[in-house]
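Letter by letter, the chains look like this.
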Amino acid sequence: TPRVFSGIKPSGGLTLGNYLGAIKRFVGMQGQMETVYCVVDLHAITVWQDPKELANMTREVAAGYLAAGLDPSQSILFNQSQVAAHAELGWIFNCVARVGWMNRMTQFKDKAGSNAEKVSLGLYAYPSLMAADILLYHATHVPVGEDQKQHVELTRDIAAKFNHDFGVDFFPMTEPVIEGPAMRIMNLRDGTKKMSKSGESDMERINMTDDADKIAKKFKKAKTDPEPLPETLEGLDGRPEAKNLVEIYAALNDQSAEAVIGEYAGAGWGRFKPALADLAVEKLSPIADEMARLMADPAEIDRILSEGADKAREIANPILRDTYGIVGLLRGQ
Ligand code: AQP
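Residues numbered from 1 in each chain as written. Predicted model: local features only at pLDDT ≥ 70, side-chain atom pairs only at ≥ 80, totals over all residues.

Asks: Break down the overall build of the protein chain for me, with residues and values.
Replies: Across its full length, the protein chain holds 13 helices and five strands. For a compact globule of 333 residues, the expected C-alpha radius of gyration is about 20 Å, and the protein chain comes in at 21 Å, within 12% of that figure. When its C-alpha atoms are laid out on the principal axes, the protein chain stretches across 70 × 45 × 40 Å. Across the 333 residues that make up the protein chain, the buried fraction comes to 43%. Taking contacts inside the protein chain between residues at least 6 apart in sequence as the whole, the part at least 24 apart equals 78%. (Helix = DSSP H or I, 4+ residues; strand = E, 2+ residues; numbered from the N terminus. Rg over C-alpha atoms; globule rule 2.2 N^0.38 Å. Buried ≥ 20, exposed ≤ 12 C-beta atoms within 10 Å, placed from the backbone. Contact = placed C-beta atoms within 7 Å.)

In structure tokens form, the structure reads like this:
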């Protein structure tokens, strides 16, 4: 049966990139397939996280999922560290994946930069734990942004090598689901870099908790070139900042980028940016309000996560037990 798995790291507050590239689509798949969504806290600690802030951000990411429409009676929602099987299968996959595969991961190269000797071993092995997250549920579909495509491909490589090495047909070949106009939302100050939770300046991203004034200010100050919007979609080529703002508008309004260009052809930034800010406020402020309401009751969020973890274990534990059996690891009754 088709099953969806995806996750978000609580490594900072949610951004518009996480919302459009991930959460909004996760919620859209609910009800069509079995859906399992995770707050991947074990991934967050691959870089330093303040312990109190980590707990708080884990709840905030959960609140973001819920506020955007995730229904815990239709989807499983939990935080990764509560289901020990993730770490256990992650170790087995560390022994299946090859160092050479990890060396090709572009996200690791981006994050480690020139500092590769000093980053955590966990950051290096991150894609192998991500493969465990997905395959522990025998997930067939993984909705992700463009930036995660390579990691889902690695997940397939790990599944194939495991199946081949042990002569079984056990782990499925997972498909990345990357579609829609907002698969890569870029930084508002530099259209060649992606919008990230942990980017240096707050002005480069829209946070899901930003109020109307902040949203308007950030779009007003967003970098652009001086040209007006083009008459055709091709006119956005070579104009990364302009393209990004058009794509954000399209994704927020459930339109194609072409339709947005159709409406705003020839418009200057003095017209387009306020329209974009108004649209963003209209779509995001109800979510921000609901997140604030949920965050006022952390015990309720913790309860939802722990109930979700119980349901997740019901799927994950039998798959882990079978994996141990295949590998030849003894496990008592
Ligand atoms: N800019 C983006 N555009 C589209 N999708 C994005 N995603 C993240 N940024 C964008 C998608 O959000 C999901 C969760 O990502 P994550 O939290 O696991 O890790 P990330 O991709 O590393 O996110 P950040 O925001 O950049 O976090 P930091 O700064 O801590 O590394 C994924 O599906 C991702 O594709």
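Asks: Kindly report on the domain arrangement of the protein chain, identifying the contributing residues and their values.
Replies: Split into domains, the protein chain comes out as domain 1 (3-177 + 297-327) and domain 2 (202-293). Centre-to-centre separation of domain 1 and domain 2, based on C-alpha positions: 30 Å. Every contact between the two is made by 10 residues of domain 1 and, on the other side, 10 residues of domain 2. When residues of the side of domain 1 that touches domain 2 are traced back to their parent elements, those giving at least two are α1 (16-29) and α3 (51-67). Looking at the side of domain 1 that touches domain 2 residue by residue, the class counts come to seven nonpolar, three polar and no charged. (Domains from an automatic or database assignment. Nonpolar A, V, L, I, M, F, W, Y, C, P; charged D, E, K, R; others polar.)

Asks: Give a description of the site of the ligand that names residues and reports values.
Replies: Around the ligand sit 21 residues in total, of which Gly-17, Gly-21, Gly-145, Ser-196 and Ser-198 are the nearest. Top element by residues in the shell around the ligand is α1. It accounts for four residues. (Near = placed C-beta within 6 Å.)

Asks: Talk me through unusual backbone geometry; I want residue IDs and the actual numbers.
Replies: A positive phi is found at His-138, a non-glycine position, where the angle reads about 50 degrees. Here His-138 lies in the loop between α7 (121-135) and β4 (141-143). For His-138, a count of 17 C-beta atoms within 10 Å puts it in the partly exposed group. With a phi angle near 50 degrees, Asp-254 is a residue other than glycine that sits in the positive phi range. Among the secondary structure elements, Asp-254 is positioned in the loop between α10 (240-252) and α11 (257-264).

Asks: Mind laying out the UniProt feature "short sequence motif: 'HIGH' region" (unreviewed entry) in the protein chain, listing which residues take part and the relevant values?
Replies: Taking the UniProt record as the reference, the feature "short sequence motif: 'HIGH' region" (unreviewed entry) is found at residues 10-18. As annotated, residues 10-18 has a helix share of 33% and a strand share of 0%, and its two end C-alpha atoms lie 11 Å apart. (UniProt positions renumbered as here; feature names shortened; annotations may be inferred.)

Asks: Give a description of the pairing of strand β1 (residues 3-8) that names residues and reports values.
Replies: Along any regular strand the residues' side chains alternate between the sheet's two faces. Most of β1 is tucked away, with five of its six residues classed as buried. Looking at chain direction, β1 and strand β2 (residues 34-39) are connected through six bridges and run parallel. Across the sheet, residue Ile-8 finds its bridge partner in β2, namely Val-39. The parallel pair β1 and β2 is bridged by α1, and the resulting crossover is right-handed. (Pairing = 2+ DSSP bridges. Right-handed = clockwise from strand over helix to strand, strands pointing away.)

Asks: Can you explain the UniProt feature "binding site: L-tryptophan" (unreviewed entry) in the protein chain? Please cite residues and give values.
Replies: The UniProt feature table records "binding site: L-tryptophan" (unreviewed entry) at Asp-133. Looking at where Asp-133 falls in the secondary structure, it is placed in helix α7. When the 26 C-beta atoms within 10 Å are taken as the criterion, Asp-133 is described as buried. Excluding anything up to four places from it in sequence, Asp-133 contacts Phe-5, Gly-7, Cys-38, Val-40, Gln-80 and His-86.

Asks: Lay out the packing of α3 against helix α12 (residues 269-295) with the relevant residues and their values.
Replies: Running from amino to carboxyl end, α3 crosses α12 at an angle of 130 degrees, the nearest separation of the two axes being 9 Å. Judged by the inter-axis angle, α3 sits oblique to α12. Seen along the crossing, α3 lies across α12 with a hand that is right-handed. Every residue of α12 that contacts α3 at Arg-59, Glu-60, Ala-63, Gly-64, Leu-66 and Ala-67 is listed here: Ile-287, Glu-290, Met-291, Leu-294 and Met-295. Of the residues that constitute the contact of α3 with α12, the class distribution is seven nonpolar, one polar and three charged. (Axes fitted to C-alpha atoms, helices over the stretch in contact; angles between N-to-C directions. Parallel < 35°, antiparallel > 145°, perpendicular 65-115°, else oblique. Left-handed = near helix turned anticlockwise from the far one by under 90°.)

Asks: Explain the nonpolar core to me, and be specific about the residues and the numbers.
Replies: Of all hydrophobic cores here, the largest spans 92 residues; its most connected members are Val-36, Ala-62, Tyr-65 and Ile-248. The greatest single-element share of this core, amounting to 10 residues, is contributed by α12. Each of domain 1 (3-177 + 297-327) and domain 2 (202-293) gives at least three residues to this core. (Core = buried A, V, L, I, M, F, W, Y, C linked by C-beta atoms within 7 Å.)

Asks: I'd love a proper account of the packing of helix α4 (residues 85-94) against α7, names of residues and values included.
Replies: The geometry of α4 relative to α7 is characterised by a closest axis approach of 8 Å and an angle of 125 degrees between their N-to-C directions. As judged from the angle between their axes, α4 and α7 are oblique. In terms of crossing hand, the pair formed by α4 and α7 is right-handed. Residue-level inspection shows His-86, Leu-89, Gly-90, Phe-93 and Asn-94 of α4 in contact with α7, the latter providing Ala-125, Ser-128, Leu-129, Ala-131, Ala-132 and Asp-133. Among the residues making up the contact of α4 with α7, the classes are represented as six nonpolar, four polar and one charged.

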